[in-house]
Amino acid sequence: MPSNTLTVTDNRTNHTYTLPIEDGTVRSMDFRQIKTGAEDFGLMTYDPAFVNTASCRSSITFIDGERGILEYRGYPIEALAEHCNFLEVAYLLLFGELPNEAQLKDWRTEITHHTMLHETTRKFLDGFHYNAHPMSMLVSTVAALSTVYPEARKVHDPANRLLQVKRLIAKMPTLAAMANRYNVGLPYVYPDNDLSYAENFMNMLWKMVEPKYAANPVLARALDILFILHADHEQNCSTNAMRSVGSSDADPYLSVAAAAAALSGPLHGGANEQVLKMLDEIGSKDNVPAYIRRIKEGHGKLMGFGHRVYKNFDPRAKIIKWTAEKVFEVTGRNPRLDIALELERIALEDEYFISRKLYPNVDFYSGIIYQAMGFKPEFFTVLFAIPRTVGWLAQWQEMHADADLKIARPRQIYTGERKREFIPMEARKAAGAMKA
Ligand code: CMC
């Protein structure tokens, strides 16, 4: 018997099956042969929320959640955050290798070439409610780009796919900045292609009457580092949405809109906004113990804590804490930092959090930096979506090149009724209708 196999005995039939193990994984379809008889559908595996199911093979991002390791294409996140700029990392994620100087120059030119929006998209923004949530505006306008680029539907043409990838990476900051200007009632600022990716974003957000926007270099670098840290995180909720929607051959604008919608939820990218709301609700360091007590009693969650994969520490949170120090040297210390540090200190000594392996995640400190830089909490998840677009697109490209690609279509365990006798209208009772 080869050692890289799994032997399973079905006690219903006493049959034994030998299933291959590859990469520490068994194929769910291999269980289908396990039946009680010819009429039996065969065994399925039940895994709500994909807690222990690999949905694809990927060579983009590696995470070891027990050891707190995150690598993009094999490079540690710490090294990339220290030495690279965001577009360099975007190139790495998309194409598998770090660019040399000439490649990076060309890549930067290609991206800046696409930063402008078609004017119809700008007009689309104008139609939103005056206090529309910027994340909802981003999801809607990125979907609207699908109307501007109908050729994006040719998802089996690699050259066409790459063109849309460049457009999306280039236009996300423009869409995001315009959503912000719309919210605060300021005229839109068009891209300045002399500036770096982060600097141009800051220009579109904050330029007033000066002829040329000059970004603070410390803040621009901090934003660039935050973009690097958020660029990809393998098969999380939004990436899963990107792959799932993309697997139907939907165009990349609609697929990115779906992924961004998944990101907006407070358990995912929306957590950074919630962390700030939570810190405001706590109000002062003295209130931290009582707040933690309430969480332990089952009243809500400590936002910015816990992770499906990281069970020791989130390496991104460590880099963010370090970046925060640099930002505060320019902006002054965000007073919420003291509450956050106290929350972290008490939680990390508490049996409830220790036994459940709950540690600060990427969203715990990022909002404190963003707020110090002048962003409103409603905008924080948009700041997550801009760089994560690169990860979504890298995963989408990888998916389209995968020989195993099929439309995503999970199974279910049906728990409803069967073969009921139809009831004519006059014989139906009201009971049981419209249950919430
Ligand atoms: N505060 C208090 N208790 C928590 C928390 C938290 N933040 N997170 C998990 N728990 C408890 C949970 O109630 C459960 O307890 P019990 O075993 O007694 O029922 C236990 O810890 C295990 O949690 P889980 O819900 O099974 O964990 P999960 O892997 O399904 O959820 C998570 C992961 C990130 C959704 C969750 O930890 C959470 O909701 N955290 C707060 C929101 C947040 O910060 N999200 C950002 C995640 S990182 C960036 C990103 O993905 O966008």
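All values reported here derive from a predicted model rather than from experimental measurement.

Enquirer: Explain helix α12 (residues 288-296) to me, please; I cannot follow it from the model alone.
Expert: The α-helix winds at 3.6 residues per turn, so residues separated by three or four positions along the chain end up facing the same way. Inspection of α12 places V288, Y291, I292 and I295 among the buried residues, and these make up the whole buried set. The arc that holds the buried residues of α12, viewed along the axis, is 100 degrees, so those residues lie on one side. In the stretch just after α12, G298 is the one whose phi turns positive, near 95 degrees.

Enquirer: Can you help me understand the environment of M202 in this one?
Expert: By the secondary structure assignment, M202 is in helix α7 (residues 197-206). A sequence separation of 17 residues divides M202 from L219, and the C-alpha atoms of the two residues are 9.3 Å apart. Not counting residues up to four positions away in its chain, the partners in contact with M202 are K207, Y213, A215, N216, L219, A220 and L223.

Enquirer: Any chance you could explain the site of the ligand here in plain terms?
Expert: Around the ligand there are 21 residues in total, and H268, K301, L302, G304 and R308 lie nearest to it. G269 is positioned such that a nitrogen or oxygen atom in its backbone is 3.3 Å from an oxygen atom of the ligand. Its free accessible area being 930 Å², the ligand has 71% of it covered by the protein chains. Grouping the amino acids of the shell around the ligand by side-chain chemistry returns 11 nonpolar, six polar and four charged. Formed jointly, the shell around the ligand draws a minimum of three residues from each of two domains, domain 1 (78-267 + 377-400) and domain 2 (271-372).

Enquirer: What is the right way to look at unusual backbone geometry in this model?
Expert: Peptide bonds are trans in most cases, and residues, glycine excluded, mostly fall at negative phi. One non-glycine residue, E234, lies in the positive phi region at around 40 degrees. Examined against the element boundaries, E234 turns out to sit in the loop between α8 (217-229) and α9 (237-246). The exposure class of E234 is partly exposed, given its relative accessible area of 22%. Despite not being glycine, D249 shows a phi value in the positive range, around 70 degrees. Secondary-structure assignment places D249 in the loop between α9 and α10 (252-263).

The rules behind these values
Residues numbered from 1 in each chain as written. Predicted model: local features only at pLDDT ≥ 70, side-chain atom pairs only at ≥ 80, totals over all residues. Heavy atoms only, no water. Buried < 20%, exposed > 50% of the residue type's maximum accessible area, 1.4 Å probe, protein only. Helix = DSSP H or I, 4+ residues; strand = E, 2+ residues; numbered from the N terminus. Arc of directions from axis to C-beta. Contact = heavy atoms within 4.5 Å. Near = heavy atom within 4 Å. Polar contact = N/O pair within 3.5 Å; in protein donor to acceptor, adjacent residues only side chain to side chain. Areas by Shrake-Rupley, 256 points an atom, 1.4 Å probe, with all protein chains shown as cover. Nonpolar A, V, L, I, M, F, W, Y, C, P; charged D, E, K, R; others polar. Domains from an automatic or database assignment.

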